[in-house]
Amino acid sequence: MSESPANQDPELLRRLLRAKDRMDAASHEEWPVERLAEVSGVSEAHFARSFRQAFGTPPHRYLLTRRIERAMALLRDTDLPVTTIAFDTGWTSLGTFGRTFRDITGDSPSVSRRRARAAGHEFSRVPVCIVGAIQRPILATAVSEKRRQAIHDKNEPQQQEIPRCKVLR
């Protein structure tokens, strides 16, 4: 039986928020569950289960969202090379960054940069926090699952609609 966040112990929620705040402040760092559990002062299994209950996403997926969100902001707001952005946001491989970025956003980092800059004037009067929330990547599905679905969709034979002929009487 799963508990809703409102029913969780307030002290546990404070501990979980402490770990979440650390991830937000240093999303470029490695945050294995062991480290997060240590920050929050609970066991690894209890941390992982409680974090998902409280925030609706596992810790790794939350961190991935923050990294991609930060990369999107850097692509939009700076002229830093994509490689620099990848390493500055915590990725150890440019290839993994590019593949994951594309899986989540649907675009490569370079295409995303061009689109964001072209649409820049559209958001000029909107507060930055609102723009960030609107553009936040949604990871309801794990990246690996998205990848499997994309491969499955490519391998599925496409059904072609057969044109119907009018029967003349």
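Attention here is on the structure that accompanies the text. The numbers attached to residues start from 1 for each chain and follow its sequence in the written order. Owing to the predicted nature of the model, reporting of local features is limited to residues with pLDDT of at least 70; listing and counting of side-chain atom pairs is limited to 80 or more, with chain, interface and lining totals taken over all residues. For side-chain calculations, the full set of non-hydrogen atoms in the structure is used, while hydrogens and water are omitted.

All right, on to the side chain of Asp 107 then. Working definition: helices are DSSP H or I runs of at least four residues, strands are E runs of at least two. Numbering for both runs from the N terminus. Structurally, Asp 107 can be placed in the loop between helix H6 (94-105) and helix H7 (109-118). The term polar contact refers here to a pair of N or O atoms within 3.5 Å; inside protein, the definition further demands a hydrogen-donor-capable atom paired with an acceptor-capable atom, and it admits residues adjacent in sequence only when both atoms are side-chain atoms. Reaching out from Asp 107, the side chain makes a polar contact with the side chain of Arg 115 at a distance of 3.0 Å. Those residues in contact with Asp 107 that lie beyond four places of it in its chain are Phe 101, Arg 102, Ser 112 and Arg 115. By definition, residues are in contact when any of their heavy atoms lie within 4.5 Å.

What counts as a ring pair is set by centres within 6.5 Å for rings of Phe, Tyr and Trp (its six-membered ring), and what kind of pair is set by the plane angle: stacked under 30 degrees, edge-to-face over 60, tilted for all other angles. Inspection of every chain in the model, using the stated rule, returns five aromatic pairs. A centroid spacing of 5.9 Å and a plane angle of 70° characterise the contact between Phe 51 and Tyr 62, whose relative ring orientation is edge-to-face. With Phe 51 in helix H3 (residues 44-55) and Tyr 62 in helix H4 (residues 59-77), the pair connects residues that are eleven residues apart, well separated along the chain. Judged by centre distance (5.9 Å) and plane angle (55°), the ring pair of Trp 91 and Phe 97 falls under tilted. Here the term buried applies to any residue with accessible area under 20% of the maximum for its type, exposed to any over 50%, and partly exposed to those in between, with areas from a 1.4 Å probe on protein chains only. You can call Phe 97 buried: its relative accessible area is 0%. Through a chain of ring-to-ring contacts, three or more aromatic side chains come together here, namely Phe 47, Phe 51, Phe 55 and Tyr 62. By definition here, charges over rings are those cases where NZ of Lys or CZ of Arg is within 6 Å of the ring centre and within 35 degrees of the ring normal. Directly above the aromatic system of Trp 31 lies the positively charged group of Arg 35, at a separation of 3.6 Å from the ring centroid. The residue whose ring lies beneath Arg 67 is Trp 91, and the NZ or CZ to ring-centre distance is 5.9 Å.

One fewer than the residue count of a helix, multiplied by 1.5 Å, yields its expected span. Given a rise of 1.5 Å per residue, twelve residues ought to cover 16 Å, and the 16 Å separating the end C-alpha atoms of H6 matches this to within 8%. Listed as buried for H6 are Phe 97, Gly 98, Thr 100, Phe 101 and Ile 104. Put simply, Ser 93 is the residue that caps the front of H6, since its side-chain oxygen is 3.3 Å from the backbone nitrogen of Gly 95. Residue Gly 106 follows H6 closely and has a positive phi angle near 90°.

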